Amino acid sequence: MPWIVWARWLQFCGVLGYAGLALYGLLRFGHGRSPAANAVSLQKALRAYIGVAITATALWLWCQTAQMSGVGLLEVSRSDLIYVLTGTHSGTLALTRLALLVAALLLALIHAWQRPRQQVSHAILGVALLGTLAGSGHGMMDVGVSGLVHLSGDMLHLLAGAIWVGALIALLLELSRAIRTRTMADVTETHRALSWFSGIGIVVVAVLIFSGLINSWFLIGPSRMLRLYH
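Thresholds, definitions, all that
Residues numbered from 1 in each chain as written. Predicted model: local features only at pLDDT ≥ 70, side-chain atom pairs only at ≥ 80, totals over all residues. Heavy atoms only, no water. Helix = DSSP H or I, 4+ residues; strand = E, 2+ residues; numbered from the N terminus. Buried < 20%, exposed > 50% of the residue type's maximum accessible area, 1.4 Å probe, protein only. Contact = heavy atoms within 4.5 Å. Axes fitted to C-alpha atoms, helices over the stretch in contact; angles between N-to-C directions. Left-handed = near helix turned anticlockwise from the far one by under 90°. Nonpolar A, V, L, I, M, F, W, Y, C, P; charged D, E, K, R; others polar. Patch = residues over 30% accessible without salt bridge, like charges linked within 9 Å, V, L, I, M, F, W, Y side chains within 5 Å. Areas by Shrake-Rupley, 256 points an atom, 1.4 Å probe, with all protein chains shown as cover. Salt bridge = Lys/Arg side-chain N within 4 Å of Asp/Glu carboxyl O.

K.L.:
Could you give me a rundown of the overall build of the protein, with the residues and numbers involved?
P.N.:
Per the secondary structure count, the protein includes eight helices and zero strands. Listed N to C, the secondary structure of the protein is α-α-α-α-α-α-α-α in terms of helices and strands. The buried share among the 230 residues of the protein stands at 41%. Considering only contacts within the protein whose residues lie at least 6 apart along the sequence, 73% involve residues at least 24 apart.

Here it is, written out as structure tokens:
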């Protein structure tokens, strides 16, 4: 598989992981501080996914430049890289993504994640990062009202997917800690997390289905969608 495909996939993993954890923290602990153990593990995970996203975005930019210039990865010139960054839509979005990721990394390194204000800041950065992914996807293929609806469908799909992924990551972290420590506090917190996820999971799945239908309407077409049931 080409390097550019791996880099694109890692970008999605990194951004969805970071945005998902940030949104999970805001939705679950937005009205109060999270337990200290949760705050430490989630902040470490946030930093890890930010690092993956930064590395993958830089690698994707390099691979994209090489592909557009028709040269090997080791033959990319600075002028070609600057052109991709400033002269193409995908390059400008990637540069914006890098700037947002650096801001997220600084925020994660300087401030404690469990503070409500920091949770809100991370969530805003996460949504903005998801917007850079939606802006480089199929949602940009249409114009006017159709383009707005298609792009909104893409954004909804990414938001719901990020919350789902972030919640799963957080649940795995809490489950592993509860299994490792076997303390009543950790077991109780894990039970609360599972109860919370079972409630919001229904909403997330509904949004995923709804936004998926919107995207299918534009990508497959209404006539072809009906044929899928025959």
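K.L.:
Which residues make up the packing of helix α1 (residues 3–29) against helix α5 (residues 116–134), and what values go with them?
P.N.:
In contact at an axis separation of 8 Å, α1 and α5 are set at 145 degrees when each is read in the N-to-C sense. Once α1 is placed against α5, the crossing between them reads as left-handed. Contacts between α1 and α5 involve F12, V15, L16, Y18, A19, A22, L23, G25, L26 and F29 from the former and Q119, V120, H122, A123, L125, G126, V127, L129, L130 and L133 from the latter. Grouping the amino acids of the contact of α1 with α5 by side-chain chemistry returns 16 nonpolar, four polar and no charged.

K.L.:
Which residues make up a nonpolar patch on the surface, and what values do they have?
P.N.:
The grouping of W164, L168, V205, I209 and L213 at the surface amounts to a nonpolar patch, some 410 Å² of accessible area in total. Broken down by secondary-structure element, the contributors of at least two residues to the nonpolar patch are α6 (144–181) and α7 (184–219). Within the fold, W164 resides in helix α6. Judged by relative accessible area, W164 falls into the partly exposed class, the value being 30%.

K.L.:
How would you explain unusual backbone geometry if you had to name every residue and give the values?
P.N.:
The backbone of R182 sits at a positive phi, close to 55 degrees, despite the residue not being glycine. When you line up the elements, R182 lands in the loop between α6 and α7.

Spatial relationships are all this shows, so hold off on functional conclusions.
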